[in-house]
Amino acid sequence: MRLITLDRSEAGITLGKSIYYENGKMLLAKGTLLSDSLIKRLKNFQVFTIYIEDEESEGIDVVESIPEELRVESIEAITKGLTSIANLSSHTKNIQGMMQSDKAIHEMQRIFQSISSCLTENRTALNLLATTKIIDNHLYTHSLNVAIYACQLAIENGLPKSQIEEIGLGALLHDLGKMFIPPEVLNKKERLSDEEFELIKMHSELGFELLRKIHSLPLVISHCALQHHERLDGKGYPRGIKEEEIHPYAKILSVADVFDAVTSQRVYRSAMLPHKGLEVLYSGSGTQFDQNQINLFRGCIAIYPPGLTVKLNDGRTGIVTKYNFTSVGRPIIRIIKDEENQPVQPYEIDLSTSENLTLEIVQADALL
């Protein structure tokens, strides 16, 4: 099995994993033989990547850290939860509104407990990007991704279950304030004006002010929203506090938040490759981000998981077959096309060996 972009798919290929609507209903079942009309339909539903079964990827085992069904369920819970809590701002004293938000928070807690259980039981590297992307609302998918990364980091830190669940809920709610930022500013393709950037920066305090008034939430959850853009050197926002003043949860969230932000596709820029995202974190190690958290993060995520279709700098195309724990950006790859993009008899190369050190991944289908 392997992951490819829908733009690279052709009629006659077999779907390797079922695809779901955002509401959890199935769009297409695993094993479906794709036709031109089905591919067109998937594009209309804004499906960007799909898993396929073919001879080239035979024997490649794709292990899901978080099952697709749970991801779909999580997005639905996050969407309802953020909307319900944001609505409190207009009727804080409305008892029905408070009850709805408490119910939404409880559901988000339940969802995160399921995510935490999956990661705790599967003590291998987190399989990054190993999911078919459906209709993508950045705020909700980003909240989920940050929660998954933060959970894995919290586990690596050896934190107790109660703190892992606090961090997880804080991650799910960390960008709540963006619900109050005009979409035309959040999704603007052009460079933001100074005024627009200041408006976006307000989301930290907007989220904090609302969350701290919800008595069913621990106060630390609101500080996750407030501090996830603070930096060790005091050059973050909104308060410019320094290392010793930043809550430990926020130090974990900032690493998870930035990594997902730079490695995700946006309307205003292309996604970075995962190893480049790690370089962004390391460039701020000790000044912006906690170095220990970056090291732990590097060791617990599989940035190029098995089943991912990639292209090398010499033009060859291949499929990742095995993750390399000692060199995270240099996995073992099954080459399926040569430098001229012509099919070849598949063979494997290890990017971490001395003879292959000039090679590097320059494109990955899950990021396009």
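Scroll up to find the structure.
The following refers to the structure shown.

Parameters at a glance
Residues numbered from 1 in each chain as written. Predicted model: local features only at pLDDT ≥ 70, side-chain atom pairs only at ≥ 80, totals over all residues. Heavy atoms only, no water. Buried < 20%, exposed > 50% of the residue type's maximum accessible area, 1.4 Å probe, protein only. Helix = DSSP H or I, 4+ residues; strand = E, 2+ residues; numbered from the N terminus. Pairing = 2+ DSSP bridges. Axes fitted to C-alpha atoms, helices over the stretch in contact; angles between N-to-C directions. Parallel < 35°, antiparallel > 145°, perpendicular 65-115°, else oblique. Left-handed = near helix turned anticlockwise from the far one by under 90°. Contact = heavy atoms within 4.5 Å. Nonpolar A, V, L, I, M, F, W, Y, C, P; charged D, E, K, R; others polar. Phe/Tyr/Trp six-rings, centres within 6.5 Å; stacked < 30°, edge-to-face > 60°. Lys NZ or Arg CZ within 6 Å of the ring centre and 35° of its normal. Salt bridge = Lys/Arg side-chain N within 4 Å of Asp/Glu carboxyl O. Patch = residues over 30% accessible without salt bridge, like charges linked within 9 Å, V, L, I, M, F, W, Y side chains within 5 Å. Areas by Shrake-Rupley, 256 points an atom, 1.4 Å probe, with all protein chains shown as cover.

Moving on, we get to the pairing of strand E5 (residues 49-53). Taken residue by residue, a regular strand's side chains alternate between the two faces of the sheet. Of all five residues making up E5, four are buried, and the element is well covered by its neighbours. Alignment of strand E1 (residues 2-5) against E5, held across four bridges, turns out to be antiparallel. Bridge assignment links Ile4 to a residue of E5, and that residue is Ile50. Inspection of the sheet shows strand E2 (residues 14-15) paired to E5 by two bridges, in the antiparallel sense. Within the sheet, the bridge partner assigned to Thr14 lies in E5 and is Glu53.

With that out of the way, let us pick up the sheet that holds E2. For sheets, the rule is that strands pair by backbone hydrogen bonds, running either parallel or antiparallel. Taken in spatial order, the three strands of this open sheet run E1-E5-E2, and their pairing is antiparallel. Each end of this open sheet is capped by a strand with a single partner; those strands are E1 and E2.

For the rest of this paragraph, the subject is the packing of helix H4 (residues 138-156) against helix H10 (residues 248-262). With their axes 9 Å apart at the nearest point, H4 and H10 run at an angle of 135° to one another. Put simply, H4 runs oblique to H10. Regarding H4 and H10, the two cross each other, and that crossing is right-handed. Between H4, through His142, Asn145, Val146, Tyr149, Ala150 and Leu153, and H10, the contact on the second element is made entirely by Ile252, Leu253, Val255, Ala256, Asp257, Phe259, Asp260 and Ala261. Its residues assigned to classes, the contact of H4 with H10 comprises ten nonpolar, two polar and two charged.

Moving on to the packing of aromatic side chains. Scanning all chains against the criterion turns up three aromatic pairs. With centroids separated by 5.7 Å and ring planes inclined at 75°, the aromatic side chains of Tyr149 and Phe259 adopt a geometry described as edge-to-face. With Tyr149 in helix H4 and Phe259 in helix H10, this pair connects stretches of sequence that are 110 residues apart. As far as the burial class goes, Tyr149 and Phe259 line up, both buried. Ring centres 5.0 Å apart and planes at 70° place the aromatic pair Phe259 and Phe297 in the edge-to-face group. Pair noted here: Phe259 is in helix H10 and Phe297 is in helix H12 (residues 291-300), with a separation of 38 residues, a long-range link. For the pair Phe259 and Phe297, one class covers both residues: buried. The rings of Tyr149, Phe259 and Phe297 are connected pair by pair, giving a single aromatic cluster. Its guanidinium or amino end placed over the ring of Tyr51, Lys17 lies 4.2 Å from that ring's centre, counting from NZ or CZ.

Its location among the elements puts Glu165 in helix H5 (residues 161-173). What makes Glu165 partly exposed here is its relative accessible area of 22%. Separated by 49 residues in the primary sequence, Glu165 and Ser116 have C-alpha atoms spaced 7.8 Å apart. Setting aside its immediate chain neighbours within four residues, Glu165 contacts Phe112 and Gln113.

The subject of this paragraph is helix H8 (residues 203-211). For H8, every residue scored as buried is listed here: His203, Ser204, Gly207, Phe208, Leu210 and Leu211. Check the buried side of H8 and you find it contacts helix H2 (68-86), H5, helix H7 (194-201) and helix H9 (219-227).

A full pass over the atoms with the stated rule returns 13 salt bridges. For Asp54, the salt bridge goes to Arg2, with nearest N and O atoms at 2.8 Å. Taken together, the residues Asp54 in the loop between E5 and H2 and Arg2 in strand E1 connect sequence positions 52 residues apart. Look at Arg2 and you get buried, because its relative accessible area is 10%. For Glu279, the salt bridge identified is with Lys276, shortest N-O distance 3.8 Å. Taken as a pair, Glu279 and Lys276 lie in helix H11 (residues 274-283) at a separation of three residues, close to a single helical turn. According to the relative accessible area criterion, Glu279 is partly exposed, its value standing at 43%. Lys276 gets classed as partly exposed once you look at its relative accessible area, which sits at 36%. Three or more residues joined by partner-sharing salt bridges are found here, namely Arg2, Asp54 and Glu56.

Once that is clear, we can look at the side chain of Ser116. As for its position among the elements, Ser116 is in helix H3 (residues 95-121). Contact partners of Ser116, with chain neighbours within four places excluded, come to Cys151, Ile155 and Ile164.

Below, the discussion takes up a nonpolar patch on the surface. Nonpolar side chains collect at one region of the surface, where Phe180, Met202 and Leu206 lie side by side and expose about 230 Å² of accessible area between them. Mapping Phe180 onto the fold places it in the loop between H5 and helix H6 (183-186).

Another aspect to go through is the environment of Asp233. Assignment of secondary structure puts Asp233 in the loop between H9 and H10. Relative accessible area serves as the criterion here: at 28%, Asp233 is assigned to the partly exposed category. It is 36 Å that separates the C-alpha atoms of Asp233 and His106, two residues lying 127 residues apart in sequence. Look past the residues within four positions of Asp233 in its chain and what remains in contact with it is Lys242, Thr287 and Gln288.

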